[in-house]
Amino acid sequence: MNDRQDPYAHQPQVYGYDAYGQPVYHPNAPERVYDPYGQPVQQHSFAPQEPGHGGGAYGGYDAAGGYDPYGMPAQQQPPQQQTQQEWIPRQAGPPYTEAPGTREPEAPAPGAQPHEAGPQEPRARRRTPGEAPDSPTAAGYQTEQFSFIEEPDEDSEDVIDWLKFSESRTERRDERKRKGRNRVVALAVVLVLALGGAAAYLFLGGSDGKKGAAAAGAGQKRDVIVVHLRQTRGGGSSTALLVDNETTGKGTTVLLPNTLAVAKDGGAGSTTLGKSVQDDGTGATRDALNTLLGSDIKGSWRLDTPYLENLVELAGGIEADTDTDVPGEKQGDGPVVRRGTARSLSGRMAVAYATYRGPGEDEGKQLTRFGQVMQAVLKKMPADGASATRTVESLAQIPDPSLSTEQLGASLAHLAALAKKGSYATAVLPVQQDGTLGEKATGGLVKDVLGGTVRNTDPNAAPRVSVKNATGGKGAATSAQITLVNSGYSVIDGGTASGAETASAVLYADEKRAAQAREVAKTLGLPAGAVKRAEEAGTADVTVVLGKDYKG
């Protein structure tokens, strides 16, 4: 069979398909000519036209008006030819995969002659199932007219919401577990503490009932003030503590002897309570008492004898059981106060009775009378704070900085209410010969009434030395006191003897003070024979009686 008889002899050989599904013809086919876009262009053979003839093209223009720079007439596309499709850029995607059912023609074997065929339109690319046909107007759009929009995926939002929901449920479950564990731990700690406290209470409280009672006494609420009765004549003083125990509902007046040993102002040595009131003042004396007794004294009340007289008068007088006759001020005058039961006392009589100390009487007698007057005054005071405060204001006193008029009035009102009910008592603090407090005072008034602990002066501290002038002169005692103070001793003024002594004496009562007494005699330049032991050495550790032989 020759080429004329083969209808496909002049058909161009398809070499393959491009990325967009368009056929690519074998480059060696001479009968195919392509335009710049890769589309085949049909060629027509025509006879050369002689110049001057009509119906032909002139100067490169053909009869249809087309222009060819090579003088060839432009070939018109037949009407039924498929519209040329322009190349449109696309986003990078997966490589083209041939749809099922499509098959590329196999390349010709080497040396085989391609079949020639007449002009034929390129084979259209087969569409995949579900692919929309190309729009006939697609060739008219430009690249910049397209925008690529990524449509949101509703399924992804659902997944995110589900993850959030699952996470919140897990967190809530973990939080409940954590709170439950914390509650269990807290309950276990409370139970352990409760069991430990109960065991400690049974062990400590049951083993020693006295310790429990003492601890209960120390935890009671008390209101304590110190009152100093100062005599304007003679310069003496009397001191008492007014104790209001709000826990037990009892009131007590604790009388303090002037021989009580307290620390000096600044802590340098010790002195007696009477000397501290006269020399150091109310503030330093209050601090010294707090240190000694371990109590909490709220404030000080200085009550001079004229103010006591006015206070009794404001109360309308008092009644007291007097234990002695109090003589008049002048010789030959009758007794100011007579001994008896339920004696009515005016202001002047109350002052005379509270400060009286008979010949040969110890200080305790006078303190007891002062306590009687104070308790009788409290019975006549008003029991409400406002009225008691007005009574105190009527005295026109200058209050101590530690205790205002309102505070003093409130304290006296509480004590007055206890005195009126009969829940009031008066006691004297027992003091030993050396001015310290013994076991009797420590276990009784100090702990039970004051709720404190005694802190006596250090026994290893410098001894307290009392200097009494029996030389008949005035300057010897002052010189001896200066010498002892410069040597580190705590000196107490022993006053002046009624008569002069020929020889000096250094006395001590406690055998433990013998060596200290010899050191005192050596410091003053007295002979060793002057050191003697006595039954009583007064309130000091060592007592020095200066005679005429002292040459200081």
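Above: the structure in question.
Residues numbered from 1 in each chain as written. Predicted model: local features only at pLDDT ≥ 70, side-chain atom pairs only at ≥ 80, totals over all residues. Heavy atoms only, no water.

Asks: Tell me about a nonpolar patch on the surface, residues and numbers included.
Replies: A grouping of V185, V189 and L193 is seen on the molecular surface, where their side chains present a nonpolar patch of about 280 Å² in accessible area. Note on placement: V185 falls in helix α1 (residues 154-207). (Patch = residues over 30% accessible without salt bridge, like charges linked within 9 Å, V, L, I, M, F, W, Y side chains within 5 Å. Areas by Shrake-Rupley, 256 points an atom, 1.4 Å probe, with all protein chains shown as cover. Salt bridge = Lys/Arg side-chain N within 4 Å of Asp/Glu carboxyl O. Helix = DSSP H or I, 4+ residues; strand = E, 2+ residues; numbered from the N terminus.)

Asks: Go over the pattern of salt bridges with me, naming the residues and quoting the values.
Replies: A full pass over the atoms with the stated rule returns nine salt bridges. Across the pair D400 and R286 runs a salt bridge, and its minimum N-O distance is 3.9 Å. Note that D400 is positioned in the loop between α8 (385-394) and α9 (405-421) and R286 in helix α4 (residues 281-293), a separation of 114 residues in sequence. Of the charged contacts, one joins R369 and D323 as a salt bridge, the two residues approaching to 3.0 Å between their closest N and O atoms.

Asks: So, the nonpolar core: which residues are in play, and what are the values?
Replies: Within the largest apolar cluster, 42 residues are counted, with the highest numbers of intra-cluster contacts made by L242, W301, I318, V373 and L412. The contact partners of L242, leaving out residues within four places of it in the chain, are D223, V224, I225, V227, T252, T253, M374, L412, L415 and Y424. (Core = buried A, V, L, I, M, F, W, Y, C linked by side-chain atoms within 4.5 Å. Buried < 20%, exposed > 50% of the residue type's maximum accessible area, 1.4 Å probe, protein only. Contact = heavy atoms within 4.5 Å.)

Asks: Which residues make up unusual backbone geometry, and what values go with them?
Replies: Residues other than glycine predominantly adopt negative phi, and peptide bonds predominantly adopt the trans conformation. Notably, A342 is not glycine yet its phi reads approximately 55°, a positive angle. For A342, the position within the fold is in strand β12 (residues 340-345). For A342, a relative accessible area of 41% translates into the label partly exposed. Of note, A396 is a non-glycine position whose phi angle comes to about 60°, a positive value. Examined against the element boundaries, A396 turns out to sit in the loop between α8 and α9. Residue A396 is classed as exposed on the basis of its relative accessible area of 60%.

Asks: Let's hear about the environment of A376: which residues, and what values?
Replies: One can find A376 in helix α7 (residues 363-380). Between the C-alpha atoms of A376 and E319, which are 57 residues apart in sequence, the distance is 6.3 Å. Sequence-distant contacts of A376, defined by excluding residues within four places in its chain, comprise I318 and E319.

Asks: Break down the sheet that holds strand β15 (residues 490-496) for me, with residues and values.
Replies: Reading across the sheet, the five strands line up as β15-β14-β18-β16-β17 and stay open at both edges, with mixed pairing between neighbours. At either end of the open sheet lies a strand with only one pairing partner, and these are β15 and β17 (531-533). On average, adjacent strands in this sheet sit at an angle of 25° to one another, irrespective of strand direction. Of the strand pairs in this sheet, strand β16 (residues 505-508) and strand β18 (residues 542-546) are connected by four bridges, and their pairing is antiparallel. Looking at β18, one finds that L507 is bridged to T543. Against the sheet, helix α11 (residues 475-486) touches β14 (464-469), β15 and β18, its axis set at about 165° to β14. Contacting β14, β16, β17 and β18, helix α12 (residues 514-524) crosses the sheet at an angle of about 160° to β16. (Pairing = 2+ DSSP bridges. Axes fitted to C-alpha atoms, helices over the stretch in contact; angles between N-to-C directions.)

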